[in-house]
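Working through the structure, step by step
Take a look at the letters that make up each chain.
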Amino acid sequence: MHPIKKLDKLPPKREKVETLEILRQLSKSSKALGELKGIAQTMPNQAMLINAVVLQEAKDSSEIENIITTQDELYKALATKGKQPTQVKEVINYRKAIFAGHELLKKQGFLRLKDIEFLQKTIIENNAGIRTMAGTVLKNDKTEEIVYTPPQEKGEILDLLSNFLDHYNITQDNFPPLINLAILHYQFESIHPFYDGNGRTGRILNILYLIINELLDIPILYLSSYINENKSEYYRLLNTVNKTDEWEEYIIYILKAIEITSNRTIDKINSIKNLLSKTIIIAQKEEPKIYRKELVELLLFST
Ligand SMILES: Nc1ncnc2c1ncn2[C@@H]1O[C@H](COP(=O)(O)OP(=O)(O)O)[C@@H](O)[C@H]1O
Ligand SMILES: [Mg+2]
């Protein structure tokens, strides 16, 4: 048996989540994210930019749970309707959920429990909703060892979710928003409110949280590529907080993921910009002069 520690409500103790090391990493992560927000604003076509990064995230996030699909299969599935293999479909659904969540935020500026249920339902495509039956545990696939037992009772799950939402929707909370993002992500994964799709739903909540807090205008920062590359650390650190209440290493991990993926997205935007201007120059030289900037953008980035 592994020791079962009851999941605490938010917020955690300040001294556990605002250590010197965390604050040091926070300033690097905030700087990178601020640069990303700025450079994204200089892109003329925001929808194009979102499209260019969302599909990659949908693939990466689904891959964390080993739903492997190749990029080619994905683009094919977007282009052709009809029956698709389930794995591809899950990636497409994930992308759909990101867009739906973004639309909800534009409309109402916050999320309710039923919105989170809607996101998860979009990803998983079933109506099971919040767990009502006991028995869900997190297991190590290889060793079959139970690594974590989330709350089992529906009443407790709902109570923890309402506490989670109170903190998710407040933009002036106790802690700086990026620290809070890390805490909220841990909390959501540990409540583990659904039978399946908790990881993917939780990662979409991360993106939307950045938008609620005006750290980004559009959903273009995704931690999944980093988490994929450092997957066992991710699981190990979630587990450490489950068992010990020691937050430092876990929070630094998430902050670092924010710094690194922000920088990656900045590079990506810069290469999109270069590609655009090169293509426009080539198109301008062509006869007859059919060139229009929008046409070039359309050719390059429509999905
Ligand atoms: N020890 C842990 N404590 C809390 N959450 C965990 C732990 N280990 C893994 N997780 C989370 O659980 C997720 C997997 O849950 P699951 O419902 O299958 O989501 P999905 O189907 O989207 O992968 C992981 O992606 C991770 O975010
Ligand atoms: Mg799963």
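Structure: see above.
So, here's what we can say about the structure. This one's a predicted model, so the numbers in the text were calculated from it and none came from an experiment.

Comments concerning the overall build of the protein chain
Secondary structure summary: the protein chain contains 13 helices and 2 strands in total. When the 303 residues of the protein chain are sorted by exposure, 34% land in the buried category. Summarising the internal contacts of the protein chain: among those between residues at least 6 apart in sequence, 72% fall at separations of at least 24.

Examining the environment of Leu-33
Assignment of secondary structure puts Leu-33 in helix H2 (residues 20–41). Given 24 C-beta atoms within 10 Å, Leu-33 falls into the buried group.

Things to note about the nonpolar core
Soluble, globular proteins show a tendency: their nonpolar side chains are buried together. Core analysis: the largest hydrophobic core is formed by 61 residues, its most contacted members being Ile-179, Ala-182, Leu-221, Tyr-250, Ile-251 and Ile-254. Considering every element that reaches this core, the biggest residue donor is helix H8 (residues 177–191), with 9 residues.

A closer look at the packing of helix H6 (residues 113–124) against helix H9 (residues 198–212)
Where H6 meets H9, the closest approach of the two axes is 9 Å, and the angle between their N-to-C directions is 125°. The angle between the axes of H6 and H9 places the two elements in the oblique class. Of the two elements, H6 crosses H9, and the hand of that crossing is right-handed. Of the residues in H9, those touching H6 at Ile-116, Leu-119, Gln-120 and Ile-123 are Arg-200, Thr-201 and Ile-204. Classifying every residue of the contact of H6 with H9 gives 4 nonpolar, 2 polar and 1 charged.

What about helix H3 (residues 46–64)?
Over its 19 residues, H3 extends 27 Å from the first C-alpha to the last, a length consistent with the 27 Å expected when each residue adds 1.5 Å. Taken together, the buried positions of H3 are occupied by Leu-49, Ile-50, Val-53, Val-54, Leu-55, Glu-57, Ala-58, Lys-59, Asp-60, Ser-61 and Ser-62.

Here's the deal with the environment of Ile-39
Along the polypeptide, Ile-39 turns up in helix H2. Residue Ile-39 is classed as partly exposed on the basis of its C-beta count, with 16 C-beta atoms lying within 10 Å.

A look at unusual backbone geometry
Here the residue pair Leu-10 and Pro-11 is connected by a cis peptide bond, since its omega of 0° sits within 30 degrees of zero. By the secondary structure assignment, Pro-11 is in the segment before helix H1 (14–17). Of note, Glu-125 is a non-glycine position whose phi angle comes to about 60°, a positive value. With respect to the element layout, Glu-125 can be found in the loop between H6 and strand E1 (138–139). Although it is not a glycine, Glu-214 adopts a positive phi angle of roughly 55°. Relative to the assigned elements, Glu-214 resides in the loop between H9 and helix H10 (224–229).

Considering the packing of helix H7 (residues 154–168) against H8
Two numbers describe how H7 lies on H8: the axes approach to 10 Å, and their chain directions differ by 165°. Between H7 and H8, the angle is such that the two are roughly antiparallel. Judged by the sense of rotation from one axis to the other, the crossing of H7 with H8 is left-handed. Taking contact as the criterion, the partners of Ile-157, Leu-160, Leu-161, Phe-164, His-167 and Tyr-168 in H7 are, on H8, Asn-180, Leu-184, Gln-187, Phe-188 and Ile-191.

Focus on the environment of Ile-220
Position of Ile-220 relative to the elements: it lies in the loop between H9 and H10. Put simply, Ile-220 and Ala-52 are 168 residues apart on the chain and 9.0 Å apart in space, counted from C-alpha to C-alpha. When sequence neighbours within four positions are dropped, the list of residues in contact with Ile-220 reads Ala-40, Leu-49, Ile-50, Val-53 and Thr-265.

What counts as what
- Residues numbered from 1 in each chain as written.
- Chains lettered and ligands numbered in written order.
- Predicted model: local features only at pLDDT ≥ 70, side-chain atom pairs only at ≥ 80, totals over all residues.
- Helix = DSSP H or I, 4+ residues; strand = E, 2+ residues; numbered from the N terminus.
- Buried ≥ 20, exposed ≤ 12 C-beta atoms within 10 Å, placed from the backbone.
- Contact = placed C-beta atoms within 7 Å.
- Core = buried A, V, L, I, M, F, W, Y, C linked by C-beta atoms within 7 Å.
- Axes fitted to C-alpha atoms, helices over the stretch in contact; angles between N-to-C directions.
- Parallel < 35°, antiparallel > 145°, perpendicular 65-115°, else oblique.
- Left-handed = near helix turned anticlockwise from the far one by under 90°.
- Nonpolar A, V, L, I, M, F, W, Y, C, P; charged D, E, K, R; others polar.
- Expected span 1.5 Å × (residues − 1).

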